[in-house]
Amino acid sequence: MDYRVEKDTLGDMHVPKDKHWGAQTQRSLENFKIGQETMPIDVVYAFAILKRSAALANKRLDKLEAEKADAIVEACDEVLSGKLDDHFPLVVWQTGSGTQSNMNMNEVVARRASQLLEEKGSSQSVHPNDDVNRSQSSNDTFPTAMHVAAVQKVEDQLLPAVEALRATLENKMNAFEHVIKIGRTHLQDATPLTLGQEVSGWHRMLERSAEMITESIDHVKDLAIGGTAVGTGINAHPRFGEYVAEEISAYTGKAFRSAPNKFHALTSHDEISYAHGALKALAADAMKIANDVRWLASGPRCGIGEISIPANEPGSSIMPGKVNPTQSEALTMVAAQVMGNDATIGFAASQGNFELNVFKPVIVYNFLQSSYLLADALVSFNDKCAVGIEENQERIDAHLRNSLMLVTALNPHIGYENAAKIAKSAHANGQTLKEAVLESGMLNEEEFELIVDPAKMVSPSE
């Protein structure tokens, strides 16, 4: 491989000739050979949005020559187009402030901007620290990139996925509105409800999760930029953070704000921790919905079998004809991963020593992973499972007829204790509830049919 020599404050470094990064990126590559987890591309793109916005803000404040600022913007736009993805190789497991990822962006943008200027016949060159990183520190740029990436991922990918599944469940809720089935609590028979009512619980989970995620992600729109090293804003114009937030908002179409207290913004990640709590709540709901679906579809002959789900692929390498609830399994595994990510984020967010939290890369890595895993899994579950859910009326009716918990309707007429005796007698003697009631002599057949009507039991009566 051909190399060129790049310099930093520690000396010379050999950098591959075909890469735009410089000495500090190369040092990070050589010093942190840890794991396979590279910095998410969402963070890279968020950094590019930040750097172009910072250049425009510095230009507005007369802190950076227009020619250099415009070249930086053009280079950042190339990054955002995906053309330069191969120039951002760093792993998550680096300095906890994300300094090396910030410098990776500074070096790549500076080199590419300098090339663009040279192509236009300019004698100017762009410096990674003095120009691309002007008015900035890794301590305020990395948390800013974290927030921009998090907001974009949640609003542009996760919330639409939640909405798609919610819409599907609303359709199913309406389609199953009059399908009366037996309810279950503690995995035991309970009083009846409609399948539509059961699905409405799932539907409301997604509605409420979307509301909580939307509320929580708004806090993440506060940006640390302008705080520089420790929150004082040293080396930055007092309005720099405000102007950068305006530029980021204009580019993304999202209402980002300069954080009111930069000391908080550098050392605390409570906004992301809080927002991930809403993702965890969504994961918990997704776990419940997926588990309900696979229980209700269990069988086909020896399980509950009250609904059917699409048969997407063979379920066994040894049992011919077996079909498994694979979409439920994938979604529940994702939910488990999100639960683990929440523990990591919570602990990492607690490590804000003095003026800086130095667990930033692992926080954003786990937040973004939770976001895209949930989004992808919900889309997959919706498209490959939920849209194809159908009721099994014959099975539903059989379970409803056989349930002893219809006896609950008798409580107001014969009392709780008498109703319990009848239920226990019917179970012990293998009788239907009706047979046990008539044998007891407490009610006649006409009275029983009038009182024990599942259709009357699925909605409150006056």
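The coordinates are above.
Residues numbered from 1 in each chain as written. Predicted model: local features only at pLDDT ≥ 70, side-chain atom pairs only at ≥ 80, totals over all residues. Heavy atoms only, no water.

> Would you mind going over unusual backbone geometry with me for this structure?
Generally, phi is negative for residues other than glycine and the peptide bonds are trans, each holding for most cases. With an omega dihedral of 10°, the bond running from Gly 299 to Pro 300 counts as a cis peptide bond. With respect to the secondary-structure elements, Pro 300 resides in the loop between helix H10 (270-296) and strand E7 (307-308). Unlike most non-glycine residues, Thr 228 shows phi in positive territory, near 50°. By the element assignment, Thr 228 lies in the loop between strand E5 (222-223) and helix H8 (240-252). Its identity is not glycine, yet Phe 354 carries a phi of approximately 55°, on the positive side. (Helix = DSSP H or I, 4+ residues; strand = E, 2+ residues; numbered from the N terminus.)

> Where do I start with the packing of aromatic side chains in this structure?
Both the distance between ring centres and the angle between the ring planes are used here to describe each pair of aromatic rings. Within this structure, the stated rule accounts for two aromatic pairs. Look at Phe 347 and Phe 359: their rings are 6.3 Å apart centre to centre, the planes differ by 80°, and that puts the pair in the edge-to-face class. Here Phe 359 lies in the loop between strand E9 (356-357) and helix H12 (360-384) and Phe 347 lies in helix H11 (residues 326-349), a separation of twelve residues in the sequence. The residue whose ring lies beneath Arg 60 is Tyr 243, and the NZ or CZ to ring-centre distance is 3.9 Å. (Phe/Tyr/Trp six-rings, centres within 6.5 Å; stacked < 30°, edge-to-face > 60°. Lys NZ or Arg CZ within 6 Å of the ring centre and 35° of its normal.)

> Please clarify how the pairing of strand E2 (residues 11-16) should be interpreted in this entry.
Successive side chains on a regular strand alternate, one facing one side of the sheet and the next facing the other. Alignment of strand E1 (residues 3-8) against E2, held across six bridges, turns out to be antiparallel. Directly across from Asp 8, in E2, lies its bridge partner Gly 11. If you look at the hairpin formed by E1 and E2, you'll find two residues sitting between the two strands. (Pairing = 2+ DSSP bridges.)

> I would appreciate a short explanation of the pattern of salt bridges in the present structure.
If charged atoms from side chains of opposite charge come close, those side chains can pair. Overall, the coordinates contain 34 salt bridges when judged by the stated rule. Two residues, Arg 134 and Asp 131, come together in a salt bridge whose shortest N-O distance is 3.9 Å. Note on Arg 134: relative accessible area 28%, which makes it partly exposed. Note that Arg 208 and Glu 211 form a salt bridge whose closest N and O atoms lie 2.9 Å from each other. Taken together, the residues span about one helical turn, with Arg 208 and Glu 211 both in helix H7 (residues 195-219) at a distance of three residues. Taking relative accessible area as the criterion, Arg 208 reaches 39% and is therefore assigned partly exposed. Judged by its relative accessible area of 42%, Glu 211 falls in the partly exposed class. (Salt bridge = Lys/Arg side-chain N within 4 Å of Asp/Glu carboxyl O. Buried < 20%, exposed > 50% of the residue type's maximum accessible area, 1.4 Å probe, protein only.)

> Where do I start with the environment of Lys 59 in this structure?
Note that Lys 59 resides in helix H2 (residues 41-60). Apart from the residues lying within four places of it in its own chain, the contact partners of Lys 59 are Leu 64, Ala 66, Ala 69 and Asp 70. (Contact = heavy atoms within 4.5 Å.)

> What should I look at first to understand empty space enclosed by the protein in this one?
It is a probe the size of a water molecule, rolled over the atoms, that shows where empty space is left. What the rule picks out here adds up to four cavities of 30 Å³ or more. What lines the largest cavity is Met 39, Val 43, Val 44, Phe 47, Phe 88, Pro 89, Leu 90, Ser 101, Asn 104 and Met 105. (1 Å grid on protein atoms, 1.4 Å probe; cavity = no way out; pocket = protein on both sides within 12 Å on 5 of 7 lines; lining within 4 Å. Points joined across faces, edges and corners; volume = space filled by probe spheres on them.)

> Explanation requested: the packing of H10 against H12 in the structure shown.
Describing two packed helices takes the angle between their axes plus the distance from one axis to the other. Relative to each other, H10 and H12 sit at 30°, their axes nearing to 11 Å. One way to sum up the angle between H10 and H12 is to call them roughly parallel. Crossing geometry of H10 relative to H12 is assigned as left-handed. The segment H10 lies against H12, with Ile 272, Ala 275, His 276, Leu 279, Leu 282, Ala 283, Ala 286, Ile 289, Ala 290 and Val 293 engaging Ile 363, Asn 366, Phe 367, Ser 370, Ser 371, Leu 374, Leu 378 and Phe 381. Taken together, the residues of the contact of H10 with H12 sort by class into 14 nonpolar, four polar and no charged. (Axes fitted to C-alpha atoms, helices over the stretch in contact; angles between N-to-C directions. Parallel < 35°, antiparallel > 145°, perpendicular 65-115°, else oblique. Left-handed = near helix turned anticlockwise from the far one by under 90°. Nonpolar A, V, L, I, M, F, W, Y, C, P; charged D, E, K, R; others polar.)

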